[in-house]
Amino acid sequence: MIPLSLPNIAGKEWEYVKQCLDSGWISSAGSFVDRFEVEFAKYLEVEGAISVVNGTSALHIALQLLGVEKNDLVIMPNVTFVASANAISYIGASPLLIDIDQHSWQMDLDLLESFLLTDCKLDSSNTLVHMKTSRKISALMIVHVQGNICDMDRLLAICNEYKLPVLEDAAEALGTKYKGQNAGTLGDIGCFSFNGNKIMSTGGGGMIVSQNSEHIKRAKHLTTTAKRDSLTYFHDEVGYNYRLVNVLAALGVAQLEQLDSFLDSKIDTARFYRDNLKGIGDIGFQLVQDGVESNEWLFTITTSSMQDLLDYLNANGVMSRPFWIPMNQLPMYSDNIYVNKSDISARIHSTALSIPCSTNILQSDLEKVISTIKSFYER
Ligand SMILES: Cc1ncc(COP(=O)(O)O)c(C=O)c1O
């Protein structure tokens, strides 16, 4: 079976982890944690970065940094991995779902803008209120789905007009650039995931980044049990034990050293697939807009024969997976506000499937993927 997207352990992972084991610094303190945060921030050209146990906890903290509270609404796209919505729910707030654009599969900004114009208003204290429910909308979480990114200039202008802080769920978009600037550094706060299927992995892990040093300071405080100083056990608020341990940060440092080559591989794979799958059956691709350099995290195609092709590939040694189920189709979010005209989310979900694109995939495997897909359409 050609796997979908595996971690690629090809650098100094063993060496750095051994340093942790030899020194005994395996837990929540140690030099690799600081090093990972400093080098990650440097790579992204952002003021600061705080490492955490996973991408979900990064989002959970980031929402609190932006002032999201119980009963608030947080705007987000309807298609993403469930963690984006869950992080909002952990606070007792509710995801307000916006349908996606049929070409880029990112949040539909036309829909967002008309919804804000007709259904919401800024009150006298500049708080955005959803008129029908009288609930406060306290933030917008944009998700860079599959490593692609929407028209961020337009999104940031809309959010500025409606006084909405912007959280970027960049879990899938490490290395993606918008007009030369790194995804995750365009809004108020960005969050990343180093889960096993991501472009670089620490097994499990995440990162919070921001250009705002106050957010960074508070992120460190909240993720380390809100302890006032390192000696005494005085905690000044309810904090979280979300810090990344040194052994995993060591993996992160080693993976980050290889990130450029991982990105090259993903981009080469995507180019190869686009060139070789174009014109086969009714296969279509996600649109990457001008000014966007996608990291091409998880190569995904569309076809009206999605379920049959998925079954055929999995039965013939090529791992394939369907796209995220839209949030409005999950039981816990089915009653949430879902802004849409023709439910593009459902259409993309019923036609999209991802195909193998590990950063160490062999050329012979890429060719097998192509020939297997061709043989499906030639049957
Ligand atoms: C868009 C998105 N958000 C959040 C997450 C959550 O990250 P983690 O699995 O590290 O908690 C993921 C992936 O796992 C993701 O794809």
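None of the values given here were measured: they were computed from a predicted structure. Every chain begins its residue count from 1, and numbering advances along the sequence as written. Note on the predicted model: pLDDT of at least 70 is required for a residue's local features to be given, and 80 or more for side-chain atom pairs to be given and counted; whole-chain, interface and lining totals, by contrast, use all residues. Values shown for side chains rest on all heavy atoms present in the structure; no hydrogens or waters enter the calculation.

Undergrad: Give me the lowdown on the overall build of the protein, citing residues and values where you can.
TA: To qualify as a helix, a DSSP run of H or I must reach at least 4 residues; to qualify as a strand, a run of E must reach at least 2; elements of each kind are numbered from the N terminus. The secondary structure content of the protein amounts to twelve helices and 17 strands. Expressed as a percentage of the 379 residues in the protein, the buried residues total 56%. Here, two residues are considered to be in contact whenever any of their heavy atoms come within 4.5 Å of each other. By sequence separation, contacts in the protein at least 24 residues apart represent 71% of the contacts at least 6 residues apart. Under the scheme applied here, a residue whose accessible area is under 20% of the maximum for its type counts as buried, over 50% as exposed, and between as partly exposed, the area being computed with a 1.4 Å probe on protein chains only.

Undergrad: Tell me about the environment of Gly317, residues and numbers included.
TA: Secondary-structure assignment places Gly317 in the loop between helix H10 (306–315) and strand S15 (321–322). Each C-alpha atom of the pair Gly317 and Thr372 lies 8.9 Å from the other, and the pair is 55 residues apart in sequence. Setting aside chain neighbours within four positions, we find Gly317 in contact with Met1, Ile2 and Lys368.

Undergrad: Help me get a handle on the site of the ligand, residues and values and all.
TA: Definition of nearness: a residue and a molecule or strand are near each other if at least one heavy atom of the residue lies within 4 Å of the molecule or strand. Looking at the ligand, there are 16 residues lining it, with Thr56, Asp169, Glu172, Ser193 and Lys198 nearest. Here a polar contact is taken to be a pair of N or O atoms separated by no more than 3.5 Å, where protein atoms must pair a possible hydrogen donor with a possible acceptor and residues adjacent in sequence count only if both atoms sit in side chains. At a separation of 3.0 Å, an oxygen atom of the ligand approaches a polar side-chain atom of Lys198. Per-residue and other accessible areas follow the Shrake-Rupley method at a 1.4 Å probe size, with only the shown protein chains counted as cover for residues. When the ligand is considered free in solution it has 380 Å² of accessible area, and contact with the protein chains removes 93% of it. Elements with a minimum of two residues in the shell around the ligand: helix H3 (55–65) and helix H4 (83–90). If one sorts the elements of the shell around the ligand by residue count, H3 sits on top with three residues. In this classification, Asp, Glu, Lys and Arg are treated as charged, Ala, Val, Leu, Ile, Met, Phe, Trp, Tyr, Cys and Pro as nonpolar, and every other residue, Gly included, as polar. Here the shell around the ligand is composed, by residue class, of five nonpolar, eight polar and three charged.

Undergrad: Would you mind going over the packing of helix H2 (residues 31–44) against helix H8 (residues 246–257) in detail, with residue names and values included?
TA: At a closest axis distance of 8 Å, the pairing of H2 and H8 adopts a crossing angle of 30°. The hand of the H2/H8 crossing is left-handed. Here Ser31, Phe32, Val33, Arg35, Phe36, Glu39, Phe40 and Tyr43 of H2 come into contact with H8, specifically with Asn246, Ala249, Ala250, Gly252, Val253, Leu256 and Glu257. The residue makeup of the contact of H2 with H8, split by class, is nine nonpolar, three polar and three charged. Here an angle of 0 to 180 degrees is reported between the N-to-C directions of two axes, which are lines fitted to C-alpha atoms, with helices fitted over the stretch in contact. The sense of a crossing depends on the near helix, which, turned anticlockwise from the far helix by less than a right angle, makes the crossing left-handed and, turned clockwise, makes it right-handed.

Undergrad: With reference to specific residues and values, describe the side chain of Asn295.
TA: Tracing the backbone shows Asn295 in the loop between strand S13 (292–293) and strand S14 (300–302). A residue is classified by how much of its surface remains accessible, and Asn295, at 0% relative accessible area, is buried. Polar side-chain contacts of Asn295 include one of 3.0 Å to the backbone oxygen of Glu172. A distance of 3.0 Å separates a polar atom in the side chain of Asn295 from the backbone oxygen of Leu174.

Undergrad: Any chance you could break down the environment of Asn78 for me, citing the residues and the numbers?
TA: Following the sequence through the fold, Asn78 ends up in the loop between strand S2 (73–77) and H4. What makes Asn78 buried here is its relative accessible area of 0%. For the pair Asn78 and Asp99, spaced 21 residues apart in sequence, the C-alpha separation works out to 5.3 Å. Not counting the four nearest positions on each side in its chain, Asn78 is found in contact with Leu97, Ile98, Asp99, Pro326, Met327, Asn328, Tyr338 and Ser345.

Undergrad: Lay out the environment of Cys357 in plain terms, naming residues and giving numbers.
TA: Residue placement: Cys357 occurs in the loop between strand S17 (352–354) and helix H12 (363–378). When residues no more than four places from it in sequence are discounted, the contact partners of Cys357 are Pro3, Leu4, Ser5, Lys266, Thr269, Trp297, Leu298 and Phe299.

Undergrad: Can you lay out the domain arrangement of the protein for me, pointing to particular residues and giving the numbers?
TA: When the domains of the protein are assigned, the result is domain 1 (13–258) and domain 2 (260–378). In this structure, domain 1 and domain 2 have C-alpha centres spaced 25 Å apart. Contacts between the two partners involve 49 residues from domain 1, matched on the other side by 42 residues from domain 2. Defined in terms of a 1.4 Å probe, buried area is the accessible area two parts forfeit on being brought together, summed over both. Around 3,800 Å² of area is buried between domain 1 and domain 2 when both sides are counted, 59% of it from carbon and sulfur atoms. Interface area lost by domain 1 to domain 2 is led by Trp105, Gln146 and Ile199, which between them contribute 21%. Within this document, salt bridges are pairs made up of a side-chain nitrogen of Lys or Arg and a carboxyl oxygen of Asp or Glu, the two lying within 4 Å of each other. Across the domain 1-domain 2 interface, the total number found is zero salt bridges. Residue ranges for the domains originate in an automatic or database domain assignment.

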